[in-house]
Amino acid sequence: MAYFHFLRSDLAVPFLGCLIVIYFRSLLAWKARLRGRRLPPGPTLLPVVGYFDVPKVRPWFTFNDMRGKYVYYRRFGQHNLILGSPATIIEYLEKRPANTSDRVLSPSIVSSALSETLGFMPYAAEWKDCRRAFWQHFHPGALSAYKHVQVAVARRFLVKVLKTPTGIEKHVRFTFAATILKVAYGIDIEDENAEIVHVIEKAIEGPSQTIVPGKFLVDYVPLLRYVPGWVPGAGFQAQFAEWRDASRTLKDVPYAQRNTAFTDNVLPYCVPIVDALLSAKSDVEEYPSGIRKDELVKTVAGAAYTYSTLQAAFLALSLNPDVQKKAQAELSTVVGPNRLPDLDDRDALVYVNAIVKETLRWFNVAPLGISHRTMEDDEFRGYFIPAGTIITPNIWACMHDPDEYKDPDEFRPERFIRDGKLDPNVRDPLAFAFGFGRRICPGRYFADAALFINIASVLHVFDIGPLLDENGDPIRVKMEMSNGFLSCVPRRSALHNSTALGGSSSVDIELAKLKLRAER
Ligand code: HEM
């Protein structure tokens, strides 16, 4: 009522006049920025709202169907550009990083405390400091310090698979939590039920949901951030609060438990990154407070990508017994019957390396990467790109381009091999799956080594097959991607069984040793 009263008052005309002036001034300012250039092509936009129907479920498929090398859309004033081809991604995100390395600070990201983490920090001095500190521990030269832990965890993984062959999915969860907690904090865990593993899982649920473009209306109508949680339809507030708590718990719990062993069967010692940071006082003092803990948390969150990728590898292997056979033949020639594979065997295991590449291509755990953001008005291929545009690479589209990968939905490691060697002419999924430019994943070498050693170790001693139903028939599973920014094989698909390989007496001895440890 007060509103109508106001409109009837003497102030109404000047007020409306002001609105009209503001509207025309912003229109002129926009025209001046455009300088006659067009925005990139995209779907039809409605007045004010823009693109209303932004796909929420597995959007990488819809954006790919739009067949755009670039798909531009605006939603409630927020500019978005989806890059859908390797050429556009490399040209924009790799070659022009000075303007395309910022992150989106949407209300959902800020409200879930994601903005406090390295992966979502704005492109500024604090990010550079954290990134440098992180890279110090994960560049290729630094990884030799963790190799023995990665190999030891892969062996424990085998013991667990031997003990419970139908539990591969939970053993994979254990493997990555165990490696990263050991390397980062010196923590040994007994199994995947350790409380700290639940803390990690809860904390990564937030990022998986919050950064899918279009997922939360509050990202387009920021005022909704102030709507109290008890108002019908504002359930997102409770959800954000839960993720915020989980993210903060993840910072504190592993830090408090650092250098603790919960098992008798502890992993080999390595200097945990947390100790290295604490002793490097001169460097640490230069960082803003809290960074020490924060940057380590990223290592833990990154493990989620790796375990989802490994789960996908086992799904692919269980669906493709011929691929397993080829890898096992290679392992038996290169590694032989007297020992288990090591990271030093890597160069000689061409087919196993091709399996790692094909897994990263076939199943993209981050199908839309993590969006970047432009910092200034820009021009790309003659189109105008306003400052603040969210740039999202469609990694899935690049990895499933039938012109580059024949029958892209098939799992075929051979596509990466020519004349017995990895073929440098085939587009390498490692150059896509881990993102781009200055924000490229700093954990990529660590993850790549972890995928390799676990796949090689399991294939050397086990066959992976589907679970059997009560009649003894194989339960048919198919490849499916879950929704969300971090996509994973849905749990009901992860139905694997493993059978120990027999036949070779020395491998049997290795297995017997593992079995002994499993029974202890
Ligand atoms: C298969 C496993 C992994 C995949 C597919 C993956 C993928 C990605 C992608 C797509 C990005 C975004 C890059 C961009 O903005 O363009 C990213 C960022 C990041 N990843 Fe990974 N990642 C994996 C494993 C890891 C691991 C093991 C760690 C930690 C040891 C890690 C730490 C990070 C961090 C800290 C960032 C943020 C970088 C920044 O914003 O500056 N990731 N990752």
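Calculation criteria
- The residue numbering used here restarts from 1 in each chain and proceeds along that chain's sequence as written.
- In keeping with the model being predicted, local features are shown solely for residues with a pLDDT of at least 70 and side-chain atom pairs are shown and tallied solely at 80 or more, while totals for entire chains, interfaces and linings include all residues.
- Where side-chain values are given, they derive from all heavy atoms of the structure, hydrogens and water being excluded.
- Exposure classes here rest on a 1.4 Å probe applied to the protein chains alone. A residue is buried below 20% of its type maximum, exposed above 50%, and partly exposed in between.
- For helices the rule is a DSSP run of H or I covering at least 4 residues; for strands it is a run of E covering at least 2, with both sets numbered from the N terminus onward.
- One bridge is not enough; two strands pair if DSSP finds at least two bridges between them.
- For Na, K and Ca the donor cutoff is 3.2 Å, while for all other metals N, O and S atoms count as donors only within 2.8 Å; water does not appear among the atoms, so some sites may look incomplete.
- Axis lines are fitted to C-alpha atoms, over the contacting stretch for helices. Their N-to-C directions set the angle, which ranges from 0 to 180 degrees.
- Angle categories are assigned with fixed cut-offs, so that under 35 degrees is roughly parallel, over 145 is roughly antiparallel, 65 to 115 is roughly perpendicular, and the rest are oblique.
- Here a crossing is called left-handed whenever its near helix is offset anticlockwise from the far helix by less than a right angle, and right-handed whenever the offset is clockwise.
- The contact criterion used throughout is that any non-hydrogen atoms of two residues lie within 4.5 Å.
- In this classification, the charged set is Asp, Glu, Lys and Arg, the nonpolar set is Ala, Val, Leu, Ile, Met, Phe, Trp, Tyr, Cys and Pro, and all remaining amino acids, among them Gly, are polar.
- UniProt positions are given in the numbering used here, feature names are shortened, and annotations may be inferred rather than shown by experiment.
- The span one expects for a helix is its residue count, reduced by one, times 1.5 Å.
- The cutoff for a nearby residue is simple: one of its non-hydrogen atoms must lie within 4 Å of the molecule or strand.
- Under this definition, polar contacts are N or O atom pairs within 3.5 Å; protein pairs additionally need one hydrogen-donor-capable and one acceptor-capable atom, and for neighbouring residues in sequence, both atoms have to be side-chain atoms.
- Note on definitions: salt bridges are taken to be side-chain nitrogens of Lys or Arg within 4 Å of carboxyl oxygens of Asp or Glu.
- Side-chain rings of Phe, Tyr and Trp, where Trp is taken by its six-membered ring, are said to pair if the distance between their centres is within 6.5 Å; with planes under 30 degrees apart they count as stacked, over 60 as edge-to-face, and otherwise as tilted.
- Lysine NZ or arginine CZ positioned within 6 Å of the ring centre and within 35 degrees of the ring normal marks a charge as sitting over the ring.

Novice: Honestly, the pairing of strand 2 (residues 78-83) in this entry has me stumped. Any pointers?
Specialist: Within strand 2, 5 of the 6 residues are buried, leaving the element largely enclosed by the surrounding structure. Alignment of strand 1 (residues 70-75) against strand 2, held across 6 bridges, turns out to be antiparallel. Bridge assignment links Tyr70 to a residue of strand 2, and that residue is Leu83. From the end of strand 1 to the start of strand 2, which pair antiparallel, there are 2 residues, and Phe76 there has a positive phi angle of about 45°.

Novice: Explain the coordination of the iron atom of the ligand here, please?
Specialist: As a benchmark, a tetrahedral metal site with four donors has ideal angles of 109.5 degrees, while an octahedral site with six donors has ideal angles of 90 or 180 degrees. The sole protein-derived ligand of the iron atom of the ligand is Cys441 (SG), positioned 2.3 Å away. By the secondary structure assignment, Cys441 is in the loop between helix 18 (430-433) and helix 19 (444-461).

Novice: Teacher, can you tell me more about the packing of helix 16 (residues 350-362) against helix 19 here?
Specialist: Helix-helix packing is described using two parameters, namely the angle between the two axes and the distance between the axes. Taken N-terminus to C-terminus, the directions of helix 16 and helix 19 make an angle of 120°; their axes are 10 Å apart at the nearest point. The angle between helix 16 and helix 19 places the two elements in the oblique class. The hand of the helix 16/helix 19 crossing is right-handed. For the pair formed by helix 16 and helix 19, the contact residues are Val352, Asn353, Ile355, Val356 and Leu360 on the first element and Asp448, Leu451, Phe452, Ile455, Ala456 and Leu459 on the second. Class assignment for the residues of the contact of helix 16 with helix 19 results in 9 nonpolar, 1 polar and 1 charged.

Novice: Got a minute to help me understand the UniProt feature "binding site: heme" (unreviewed entry) in the protein chain in this structure?
Specialist: Residues given the UniProt feature "binding site: heme" (unreviewed entry) here are Cys441. For Cys441, a relative accessible area of 25% translates into the label partly exposed. Setting aside chain neighbours within four positions, we find Cys441 in contact with Arg131 and Phe434.

Novice: How should I be thinking about the UniProt feature "transmembrane region" (unreviewed entry) in the protein chain in this particular structure?
Specialist: In this numbering, the UniProt entry assigns the feature "transmembrane region" (unreviewed entry) to residues 12-30. In residues 12-30, helix accounts for 100% and strand for 0%; the two terminal C-alpha atoms are 27 Å from one another.

Novice: Would you take a moment to explain helix 9 (residues 168-185) for this structure?
Specialist: Think of an α-helix as turning once every 3.6 residues; residues three or four places apart then point the same way. Look at helix 9: 25 Å from first C-alpha to last across 18 residues, which is about the 26 Å you get at 1.5 Å a residue. Among the 18 residues in helix 9, 17 count as buried, and that is most of the element. Just downstream of helix 9, Gly186 is the residue with a positive phi angle, here 70°.

Novice: Looking at this structure, I do not really get the site of the ligand. What am I missing?
Specialist: In the vicinity of the ligand, 26 residues are found, and the nearest of them are Arg103, Trp127, Arg131, His372 and Cys441. Residue Arg131 places a side-chain N or O atom 2.9 Å away from an oxygen atom belonging to the ligand. Contacts to the ligand include His372, whose side-chain N or O atom sits 2.8 Å from an oxygen atom. Of all the secondary structure elements, the ones that give two or more residues to the shell around the ligand are helix 7 (125-138) and helix 14 (291-319). When residues of the shell around the ligand are assigned to their parent elements, the largest contribution, 6 residues, is made by helix 14. Grouping the constituent residues of the shell around the ligand by class yields 13 nonpolar, 9 polar and 4 charged.

Novice: Could you clarify how one ought to interpret the pattern of salt bridges in this entry?
Specialist: A side chain of one charge can pair with a side chain of the opposite charge if their charged atoms are brought near each other. A complete count under the given rule lists 19 salt bridges for this structure. Between Glu91 and Arg381 there is a salt bridge; the shortest N-O distance is 2.7 Å. Placement of the pair is Glu91 in helix 4 (residues 86-94) and Arg381 in the loop between strand 4 (378-380) and strand 5 (383-385), with a sequence separation of 290 residues. By relative accessible area, which is 29% here, Glu91 ends up partly exposed. Arg412 is the salt-bridge partner of Asp407, the closest N and O atoms lying 2.9 Å from each other.

Novice: I would appreciate a short explanation of the environment of Thr179 in the present structure.
Specialist: Position of Thr179 among the secondary structure elements: in helix 9. You can call Thr179 buried: its relative accessible area is 4%. It is 6.3 Å that separates the C-alpha atoms of Thr179 and Gln150, two residues lying 29 residues apart in sequence. The residues contacting Thr179, other than those within four sequence positions of it, are Val149, Gln150, Val153 and Phe446.

Novice: What is the right way to read the packing of aromatic side chains from this model?
Specialist: Here a ring pair, both rings aromatic, is described through the centre-centre distance and the interplanar angle of the planes. The full count for this structure, using the stated rule, is 24 aromatic pairs. Ring plane angle 55° and centroid distance 5.8 Å describe the contact between Trp60 and Phe61, whose orientation is recorded as tilted. With a relative accessible area of 1%, Trp60 lands in the buried category. Under the relative-accessibility criterion, Phe61 is labelled partly exposed at 31%. With a centroid separation of 6.1 Å and an interplanar angle of 80°, the aromatic rings of Tyr70 and Phe380 are classed as edge-to-face. Separated by 310 residues along the polypeptide, Tyr70 in strand 1 and Phe380 in strand 4 bring together distant segments of the chain. Judged by its relative accessible area of 1%, Phe380 falls in the buried class. Taken together, Tyr70, Tyr92, Phe380 and Tyr383 form an aromatic cluster joined through their ring pairs. The ring of Tyr123 has Lys128 lying over it, and the distance from NZ or CZ to the ring centre is 5.2 Å. The ring centre of Phe174 lies 4.5 Å from the NZ or CZ of Lys160, which sits over that ring.

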